[in-house]
Amino acid sequence: MARKTDWPAVLEHFALNGRLISAEPYGSGHINDTLLVVVEKEGEEPAVRRYILQRMNDSIFTAPSALMENVVNVTSFLRRKIEEEGGDPERETLNIVPTKDGASFWTDPDKNYWRVYHFIEGASCYDQVRNPEDFYQSALAFGRFQQMLSDYPAETLHETIPNFHNTPLRLADFGRAVAEDVCGRAGDVQQEIRFILDREQDTHILADMLKRGELPLRVTHNDTKLNNVMIDDATGRGLCVIDLDTVMPGLAAHDYGDSIRFGASTAAEDEPDLSKVSLDLELFESYTRGFLKGCGGSLTEAEVRMLPMGAKMMTLECGMRFLADYLQGDVYFKTHRAGQNLDRCRTQLKLVKDMEEKWDQMSAVVDRVNRQTGCC
Ligand code: ADP
Ligand code: GN1
Ligand code: MG
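This text gives an overview of the structure that appears in the document.

Criteria and thresholds
Residues numbered from 1 in each chain as written. Chains lettered and ligands numbered in written order. Predicted model: local features only at pLDDT ≥ 70, side-chain atom pairs only at ≥ 80, totals over all residues. Heavy atoms only, no water. Helix = DSSP H or I, 4+ residues; strand = E, 2+ residues; numbered from the N terminus. Rg over C-alpha atoms; globule rule 2.2 N^0.38 Å. Buried < 20%, exposed > 50% of the residue type's maximum accessible area, 1.4 Å probe, protein only. Areas by Shrake-Rupley, 256 points an atom, 1.4 Å probe, with all protein chains shown as cover. Lys, Arg positive; Asp, Glu negative; His and termini not counted. Charge placed at Lys NZ, Arg CZ, Asp CG, Glu CD. Near = heavy atom within 4 Å. Polar contact = N/O pair within 3.5 Å; in protein donor to acceptor, adjacent residues only side chain to side chain. Nonpolar A, V, L, I, M, F, W, Y, C, P; charged D, E, K, R; others polar. Phe/Tyr/Trp six-rings, centres within 6.5 Å; stacked < 30°, edge-to-face > 60°. Contact = heavy atoms within 4.5 Å. Donors = N, O, S within 2.8 Å, 3.2 Å for Na, K, Ca; no water. Pairing = 2+ DSSP bridges.

1. Looking at the overall build of the protein chain
Right, on to step 1. For the protein chain, the count of helices and strands is 13 helices and 11 strands.
Right, on to step 2. The C-alpha radius of gyration computed for the protein chain amounts to 21 Å, which stays within 12% of the reference 21 Å derived for 376 residues, consistent with globular compactness.
Right, on to step 3. Looking at the protein chain as a whole, 53% of its 376 residues qualify as buried.
Right, on to step 4. Here the protein chain displays about 16,400 Å² of accessible surface, and carbon together with sulfur accounts for 48% of that area.
Right, on to step 5. Put simply, the protein chain has 42 plus and 61 minus side-chain charges, and the middle of one group is 1 Å from the middle of the other.

Structural data, given as structure tokens:
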């Protein structure tokens, strides 16, 4: 976290009703500044409560008020559904701690935007899959999330990042970053640039199907990586989908695909040793099984058929975003070491290549699982 912040002064504005014990950087998200906050509550049980404090990234999310309106509305909607289904809304969806004025976020004098969530206790987020069962559970949770929002009034959602998964536009942005080459880094990554540009045609496939009405727009999460779902420590269940900043109309194949690119890889997203990176077909199958089950038969035949393409496109898109950011001087994704965005790009491109080699097997898995689960 670059600047020094007076946490007690920030937290003073939220209805925490207790004494601040500590506030420490937390988690491994690439976008917001996240802190784990511990508060002591006199006369309450438990006496110590934990919260998540976030400074929203306002250079990426330029309309924090619209974003928080989405989060408030989506979490209230999910709370009702979870209650109807006999679940526990305190743990199965995010819960906002309001400011003392009853607002969902607080703006400091320097125009930083802060929000607080209840910390979801007894559950964990993972940066890499521990076993196929966890991944299956995360898939169930993301599929269910989409299913629960299937009757959410999509027209009331603000588009927090316009064209977030518009892959042809992402490619155009990437082309500009290459042409501008503001840090003089493009010369050393010609192979990676070529790899991406060679797949220009692929980037249109899903977007064109959407335009032709062959794929439906749904309310989707749009950032379905494994560390955006909490797994219950006691039961192993996918408990709560978090990081709701990009809930917007989108494609089911993109939500599916983003999870695959992150979780079905045999290595971390920023692994420098590419020999360790490949698509694990067993994990791919586990996720497919969980996602189709979680979606509860709501996907159309075309949506199911395009799931492998969603995986390939989310991986290629992320690869081009990481490389564009590397070329622009690492201004978007948080980095903790030099070259990290380039390493992240390379793992994505290696995965794309591996998916192309395993394409028939991926399609066969989706087809078989779909027939077995009888989803459509
Ligand atoms: P980013 O957009 O930067 O990824 P996230 O909202 O995903 O930010 O939060 C970053 C990390 O903080 C998550 O991966 C998770 O580990 C943790 N986290 C976020 N919200 C909660 C919560 N309500 N309870 C527990 N942990 C949380
Ligand atoms: C970011 O916020 P986080 O870390 O969950 C990014 C995603 C990328 C991902 C790559 C708003 O996700 O789009 O796929 O990094 N989120 C945003 O790891 O850009
Ligand atoms: Mg996140």
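Having seen it, we continue.
2. Points about the site of ligand 2
Right, on to step 1. In the neighbourhood of ligand 2, 18 residues make up the surrounding shell, with His30, Lys225, Glu269, Arg321 and Tyr332 lying closest.
Right, on to step 2. In the environment of ligand 2, an oxygen atom lies 3.1 Å from a nitrogen or oxygen atom belonging to the side chain of Asp243.
Right, on to step 3. Here the shell around ligand 2 takes 3 residues from helix H11 (residues 307-327), the largest share from any one element.
Right, on to step 4. Residue composition of the shell around ligand 2, grouped by class: 8 nonpolar, 4 polar and 6 charged.

3. Some points on the packing of aromatic side chains
When we look at a pair of aromatic rings, we describe it by the centre distance and by the angle of the planes.
Right, on to step 1. Tallied over the entire structure, the rule returns 11 aromatic pairs.
Right, on to step 2. Taken together, a centroid distance of 5.8 Å and an interplanar angle of 70° make the contact between Tyr26 and Phe119 edge-to-face. Of this pair, Tyr26 sits in the loop between strand E1 (19-25) and strand E2 (33-40) while Phe119 sits in the loop between strand E6 (113-118) and strand E7 (123-124), and the two are 93 residues apart along the sequence.
Right, on to step 3. Tyr26 gets classed as partly exposed once you look at its relative accessible area, which sits at 39%.
Right, on to step 4. Using a relative accessible area of 12% as the deciding quantity, one classes Phe119 as buried.

4. Points about the side chain of Thr167
Right, on to step 1. Within the secondary structure, Thr167 sits in helix H5 (residues 167-180).
Right, on to step 2. By relative accessible area, Thr167 is classed as buried at 4%.
Right, on to step 3. Excluding residues within four positions of it along the chain, Thr167 makes contact with Thr203, Met313, Glu317 and Met320.

5. So, the site of ligand 1
Right, on to step 1. Neighbouring residues of ligand 1: 19 residues in total, closest Asn32, Gln54, Ile120, Asn227 and Asp243.
Right, on to step 2. With respect to ligand 1, the backbone of His118 contributes an N or O atom lying 3.1 Å from a nitrogen atom.
Right, on to step 3. Its residues assigned to classes, the shell around ligand 1 shows 10 nonpolar, 8 polar and 1 charged.

6. Thoughts on the coordination of the magnesium ion (ligand 3)
Right, on to step 1. The protein atoms donating to the magnesium ion (ligand 3) are Asn228 (OD1) and Asp243 (OD), with metal-donor distances spanning 2.2 Å. In this pair, Asn228 sits in the loop between strand E8 (218-220) and strand E9 (229-232) while Asp243 sits in the loop between strand E10 (238-241) and strand E11 (248-250), placing the two residues 15 residues apart along the sequence.
Right, on to step 2. For Asn228, a relative accessible area of 5% corresponds to the buried category.
Right, on to step 3. Of the residues examined, Asp243 reaches a relative accessible area of 25% and is grouped as partly exposed.

7. A few points about the sheet that holds E9
Right, on to step 1. Judged by pairing direction, the sheet is antiparallel, and its 3 strands sit side by side in the order E7-E9-E10 without closing on themselves. Both edges of this open sheet fall to E7 and E10, since each of them pairs with a single strand only.

8. Description of the pairing of strand E3 (residues 48-55)
Right, on to step 1. The pairing of E2 with E3 spans 8 bridges and is antiparallel. Bridge pairing in E3 places Val38 opposite Arg50.
Right, on to step 2. When E3 meets E6, the two strands line up antiparallel, connected through 5 bridges. Following the sheet pairing, Gln54 is matched in E6 by Arg115.

9. Notes on the environment of Gln340
Right, on to step 1. For Gln340, the location among the structural elements is in helix H12 (residues 340-357).
Right, on to step 2. Once the C-alpha coordinates of Gln340 and Pro272 are considered, the two residues, 68 residues apart in sequence, prove to be 8.3 Å apart.
Right, on to step 3. If sequence neighbours within four positions are ignored, Gln340 has contacts with Asp270 and Thr335.

10. Observations concerning unusual backbone geometry
Right, on to step 1. Across the junction of Glu45 and Pro46, the peptide omega takes the value 0°, indicating a cis bond.
Right, on to step 2. You can see Pro46 is positioned in the loop between E2 and E3.
Right, on to step 3. The backbone of Asn17 shows a phi angle near 50°, a positive value even though the residue is not glycine.
Right, on to step 4. Inspection of the secondary structure assignment puts Asn17 in the loop between helix H1 (7-11) and E1.

11. Here we look at the environment of Pro8
Right, on to step 1. Considering the arrangement of structural elements, one finds Pro8 in helix H1.
Right, on to step 2. Looking at Pro8, the relative accessible area reads 47%, which means it is partly exposed.
Right, on to step 3. Put simply, Pro8 and Thr160 are 152 residues apart on the chain and 29 Å apart in space, counted from C-alpha to C-alpha.

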